[in-house]
Amino acid sequence: MVPTSYYLILSAVLFGLGVVAFVFKRNVITIFMSIELMLNAVNLAFVAFSQARHQSDGQVFVLFVIVVAAAEAAVGLGIIILMARNRQSLNVERVDFLKL
Amino acid sequence: MPILDHLWIIPLLPLLGSAINGLLGGKWPNTIVNTVALGATGLSFLCALEAVREFLTLSSDKLPFPPQHYFDWIVAGSFRAGFDLEIDQLTVVMLMVVTGVGFLIHIYSTGYMAHESGYYRFFSYLNLFMFFMLVLVMAANYVLLFVGWEGVGLCSYLLIGFYFLKKSASDAGKKAFIVNRIGDFGFMLGMFLLFRTFHTLDFTTLFAAASNPAWGHEAWGQFGTFTIACLLLFMGATGKSAQLPLYVWLPDAMEGPTPVSALIHAATMVTAGVYVVARSHILFVHSETAMVVVAVVGCATAFFAATIGLVQTDIKRVLAYSTVSQLGYMFLACGVGAFSAGIFHLMTHAFFKALLFLAAGSVIHAIGGEQDMRKMGGLSTKIKYTFRTMFIATLAIAGIPPLAGFFSKDAILFSAFQIEGGHPLYAIGLLTALLTSFYMFRLIYLTFYGQPRYDEHHVHVHESPWSMLGPLVTLAVLSVIGGWIAAPALWGGPDYFASFLAPVLTSPQGAEAVNEAAAHQLEIILAIVAVASALLGWGVAYWLYIRQPAKPEQMAKSMRPVYNTLLNKYYVDEFYAAVIIKPLMWISTNVLWKFVDVAAIDGTVNGIASGATSIGDTVRHTQSGNTRSYAVWVVIGALVVIAVIFFWPAARPVVGMVR
Amino acid sequence: MTPQLAIFFVLAALAVLGALNLIIQRHPIHSALSLIVVMIALAGLYLLMGSEFVAAVQIIVYGGAIMVLFVFVIMLLNAGVEERTNVSKLAGVAGIPLAVALLGFLAAAIARSNESAQAGVEAGTLANTKEISTMLFKDFVYPFELTSFLILVAILGAIVLAQREKS
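Given the structure is predicted, the values throughout are model-derived calculations rather than measurements.

Each value, and the rule that gives it
Residues numbered from 1 in each chain as written. Chains lettered and ligands numbered in written order. Predicted model: local features only at pLDDT ≥ 70, side-chain atom pairs only at ≥ 80, totals over all residues. Helix = DSSP H or I, 4+ residues; strand = E, 2+ residues; numbered from the N terminus. Buried ≥ 20, exposed ≤ 12 C-beta atoms within 10 Å, placed from the backbone. Contact = placed C-beta atoms within 7 Å. Core = buried A, V, L, I, M, F, W, Y, C linked by C-beta atoms within 7 Å. Nonpolar A, V, L, I, M, F, W, Y, C, P; charged D, E, K, R; others polar. Domains from an automatic or database assignment. Pairing = 2+ DSSP bridges. Axes fitted to C-alpha atoms, helices over the stretch in contact; angles between N-to-C directions. Parallel < 35°, antiparallel > 145°, perpendicular 65-115°, else oblique. pLDDT = per-residue confidence, 0-100. Left-handed = near helix turned anticlockwise from the far one by under 90°.

Let us now look at the overall build of chain B. Assigned secondary structure in chain B consists of 27 helices and two strands. Put simply, chain B has 659 residues, and 49% of those count as buried.

Time to look at the overall build of chain C. Within chain C, the regular secondary structure consists of six helices and one strand. In chain C, the succession of α and β elements from N to C terminus is α-α-α-α-β-α-α. When each of the 167 residues of chain C is scored for burial, the buried share is 28%. Considering only contacts within chain C whose residues lie at least 6 apart along the sequence, 58% involve residues at least 24 apart.

Residues B:Phe129, B:Leu332, B:Ala354 and B:Leu355 are the most contacted members of the largest nonpolar core, which totals 207 residues. Among the nonpolar cores identified, the runner-up in size contains 76 residues, and A:Ala73, C:Phe70, C:Val73 and C:Ala99 belong to it.

We now examine the interface of chain A and chain C. Interfaces are often sized by the amount of accessible area the parts lose when they come together. Each partner contributes residues to the interface: chain A has 60 residues there, and chain C has 70 residues. Secondary-structure elements contributing two or more residues to the side of chain A that touches chain C are strand S1 (2-3), helix H1 (4-24), helix H2 (28-53) and helix H3 (57-87) of chain A. With 21 residues, H3(A) is the largest single contributor of residues to the side of chain A that touches chain C. Broken down by class, the residue content of the side of chain A that touches chain C amounts to 45 nonpolar, eleven polar and four charged.

Parsing chain B into structural domains produces domain 1 (1-286) and domain 2 (624-659). Computed over C-alpha atoms, the centres of domain 1 of chain B and domain 2 of chain B are 73 Å apart.

Moving on, we come to the pairing of strand S1 (residues 68-76) of chain B. The two faces of the sheet receive side chains in turn, since in a regular strand these alternate between them. Residue and element names in this part refer to chain B. S1 sits mainly on the outside: zero of its nine residues count as buried. In the sheet, S1 pairs with strand S2 (residues 79-85) via six bridges, with the strands oriented antiparallel. Bridge pairing links Val 75 to Arg 80 in S2. Between S1 and the antiparallel strand that follows it, S2, lie two residues; Gly 77 among them carries a positive phi value of about 65°.

With that out of the way, let us pick up the interface of chain B and chain A. Across the contact, eight residues belong to chain B and ten residues belong to chain A. Looking at the side of chain B that touches chain A, its residues break down into three nonpolar, four polar and one charged.

Looking now at the packing of helix H4 (residues 89-112) of chain B against helix H5 (residues 119-138) of chain B. Residue and element names in this part refer to chain B. Look at H4 against H5: their axes get within 10 Å of each other, and the N-to-C directions meet at 175°. Here H5 runs roughly antiparallel to H4, going by the angle between their axes. Counted together, Thr 91, Met 94, Leu 95, Val 98, Gly 102, His 106 and Ser 109 of H4 and Phe 122, Leu 126, Met 130, Met 133, Leu 134, Val 137 and Met 138 of H5 form the full contact between these two elements. Considered class by class, the residues forming the contact of H4 with H5 number ten nonpolar, four polar and no charged.

All names here are of chain C. For chain C, the mean per-residue pLDDT works out to 85, and 89% of the residues sit at or above 70. Between the elements of chain C, mean pLDDT differs from a low of 62, seen in strand S1 (residues 118-119), to a high of 94, seen in helix H2 (residues 28-49). Interface confidence for the predicted complex, expressed as ipTM, amounts to 0.91; the pTM equals 0.71.

Of all eight residues making up helix H12 (residues 272-279) of chain B, eight are buried, and the element is well covered by its neighbours. Those residues of H12(B) that sit buried are B:Ala272, B:Gly273, B:Val274, B:Tyr275, B:Val276, B:Val277, B:Ala278 and B:Arg279.

The next subject is the environment of B:Gly256. All names here are of chain B. Mapped onto the elements of the fold, Gly 256 is located in the loop between helix H10 (249-252) and helix H11 (258-267). The sequence separation of Gly 256 and Pro 424 amounts to 168 residues, and the corresponding C-alpha distance is 37 Å. Excluding its chain neighbours within four sequence positions, the residues that come into contact with Gly 256 are Leu 159, Ile 160, Phe 162 and Ser 261.

All right, on to the environment of B:Gln326 then. Residues and elements named next belong to chain B. Tracing the backbone through its elements, the reader meets Gln 326 in helix H15 (residues 315-335). Separated by 121 residues in sequence, Gln 326 and Thr 205 have C-alpha atoms that sit 33 Å apart. What Gln 326 contacts, discounting residues up to four positions off in sequence, is His 349 and Lys 353.

Looking now at the confidence of the model for chain B. Looking at chain B as a whole, its pLDDT mean stands at 85, while 96% of the residues score no less than 70. With pLDDT under 50 throughout, residues 507-514 of chain B is counted as low confidence; its partners more than four residues away or in other chains account for 16 contacts.

Our next topic: unusual backbone geometry. Residue and element names in this part refer to chain B. Leu 244 connects to Pro 245 through a cis peptide bond whose omega is -10°. Here Pro 245 shows up in the loop between helix H9 (225-240) and H10. Each neighbour pair has its own omega, and for Pro 401 with Pro 402 the value is 0°, a cis peptide bond. Residue position: Pro 402 is located in the loop between helix H17 (384-398) and helix H18 (404-418).

The next thing to look at is the packing of helix H1 (residues 3-24) of chain C against H2(C). Residues and elements named next belong to chain C. Where H1 meets H2, the axes come as close as 8 Å, and the angle between the chain directions of the two elements is 160°. By the angle class used here, H1 and H2 are roughly antiparallel. Where H1 crosses over H2, the handedness of that crossing is left-handed. Judged by residue contacts, Gln 4, Ile 7, Phe 8, Leu 11, Leu 14, Ala 15, Gly 18, Ala 19, Asn 21 and Leu 22 of H1 engage Ser 31, Ser 34, Leu 35, Val 37, Val 38, Ala 41, Leu 42, Gly 44, Leu 45 and Leu 48 from H2. Here the residues of the contact of H1 with H2 are counted per class, giving 14 nonpolar, six polar and no charged.

This next bit is on the environment of B:Met133. Residue and element names in this part refer to chain B. Considering the arrangement of structural elements, one finds Met 133 in helix H5. Along the sequence, Met 133 and Thr 99 sit 34 residues apart, while their C-alpha atoms lie 9.4 Å from each other. Excluding residues that lie within four positions of it along the chain, Met 133 makes contacts with Val 98, Gly 148, Val 152, Thr 268 and Met 269.

This is how it looks when you write it as structure tokens:
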């Protein structure tokens, strides 16, 4: 049996890598994917805790997270499509409509 | 008892007159303004008479008459100051002087100011002054007295600066107010100390507490509570009553119209200081230091001012310095314990000094506005009534019997002679009496005798109208008979004035004549000496100005330095300007203005504004429009939350952690 | 080294490598494929822990639906190799320190915790789907219904957003 802390460390590492990708990548789709990566890392932590305590709450929450991530991905990608049509580029640094 | 229950009517009437004239009088013709103003003052005088009559007919079980409490003005914790008016023998004297002389001067002003613009304003201010003065003399606690005190200072400023378009007049008004304020500072400190010691400022309660034998007598040099409080109160009195060193405003106050000089700066306002000292006599007698200071300052001022008056050329200035000098006499009397003598001189001085000022105003009016005595002369035949009344007033002030001044001045000198160490005071007082007589007769001779030194073709000398002469004659009569109330003391009878005031003012220390006969004889001798010195002064004036008119010029030339010093008032104003005013102005400009106001306060406010601007300038960069930067900010925010959870467990509920 | 531990390390290494590859790759399609690898590895880890339902859902929904959607969009938009622009100075400066700080905090939190339990199910007890479903439809029925509503909203949103311009 694997100790819970191992799973937590893995979750933390994955989350950190997700943050790094979020900050450093310039393609908007890749950034979106890094968000999915972060959500997955959190899911892992939830399930690990749930199994450690023999409670199902964590896993139910994971289900909800997955559903919400799916909905978010759908809408977010729709927005990305619009953005790509508008600026003819997927580089997030080109999206500076809010700049004064 | 009607009026005694409603004492507030007496001050209220002039206040109403002032308000009506002030608000509505601008469009009214002079006659209506007159009616309102004279009506208010006259009615107030009649009410005061009635109040006095009722007071005098009170049966003795109702005395002392308790203070009438009208409404609570300040109630804070255990401190209570109300609009309380009282009437006792001292108030009776002051009431009669203020309302009576005030009414006469109002009548005079209708004639004197008839051609002035701002006529209604003058009477509005004059009535306002009457209101405040009446509040001052009828107040039953120090706080209300101070209200009146400040109020008469305000009216003095308004009236001195009546011709406000003339710079010297407005400057004089400011000077009067500011110098008075310095005195008022001392007065207030004195009030605070009294409150702190006795926990009340009500006269009856305070004086009763102070009479408690547990309070010891403070000897010379001992600076206990009484000494300090009395010295502070006296500081206020020096400001208001123009004693050393705060007398400098009174000569400048002659810029105001002559009736103002008569009423405020001769008869009533300047006597407020003497009144306060007399009213607080219970406090003063506890402190030897304070009494000595009062006496010495009074005596020194009397002499000092008399010397300046010897050489002045403006007729009103001479009278101004004469007022300062006579006030010095009153303080001298209070300082040696003869409070009733001081009040007596206050009363007689009100009569003859008001008369002198009004007559001087009549002279000035007669020769078309000239005030320099060197340009007068030979008027005695042309303005007979003015001349005769002024001559009577001069006899009174010089102390020639049987006019009023003789009795009051004699009482003062006698008391001064009797106390321990009083001989120097007596000597200086006697010398001052000589000087007084000299310069007053000099004034008469320069003004009324000799060859006319004015241009007879351009100046048409005319006598004043009866609205002006009437009060002159009335005051002249009072100057003659005013002293007779104390006269019987001279041939062994009772002094009615002193015995009248005795329930209020304790008998002077040391004046309990141990040996009746010897004291009486001493009094006669001193009286003769005083009369002799007055006659000597008269004689010298006569010799110098009638017999040998060229002599004064020669004397002035031969004693040029002394003459110049006296003419320039010992350069006191210049001294104050250099030592006090210049540094203060420097501090005001460089420290308070440039440093505190501009740099510190404006700098702080502007600094906050520019700080906000620069913070905004810095924070602006977070809104770059760049999505990646926003992403970084998101991560930073998340890190902050984690850090809070990590490092500061107590704040976990704030970030939403429930456990 | 028990078998479970060995499998854990293998799957964990796979996940981490997949994530690293996501960062390193320049073409988004490669990043997407790496992400799929990560998800499969995570599904394996769920199985290892004994949560078979979650593992199944992970593969079906995440791997089979969401990632397919990503791949389709990449294809649709003809995403190319990422350009190298560097407009945001803040990201360049603060990026690494932030990641390090974040990892530090998480590591410290984990180290501080006194979790001594072992995650995972004993052999022979594999039926937790029933528990999940009971909880889902009893205690969490309200959020469940809301999420179905959420999905409806997402569908509508996606349709509206991705419509071709009517010009």
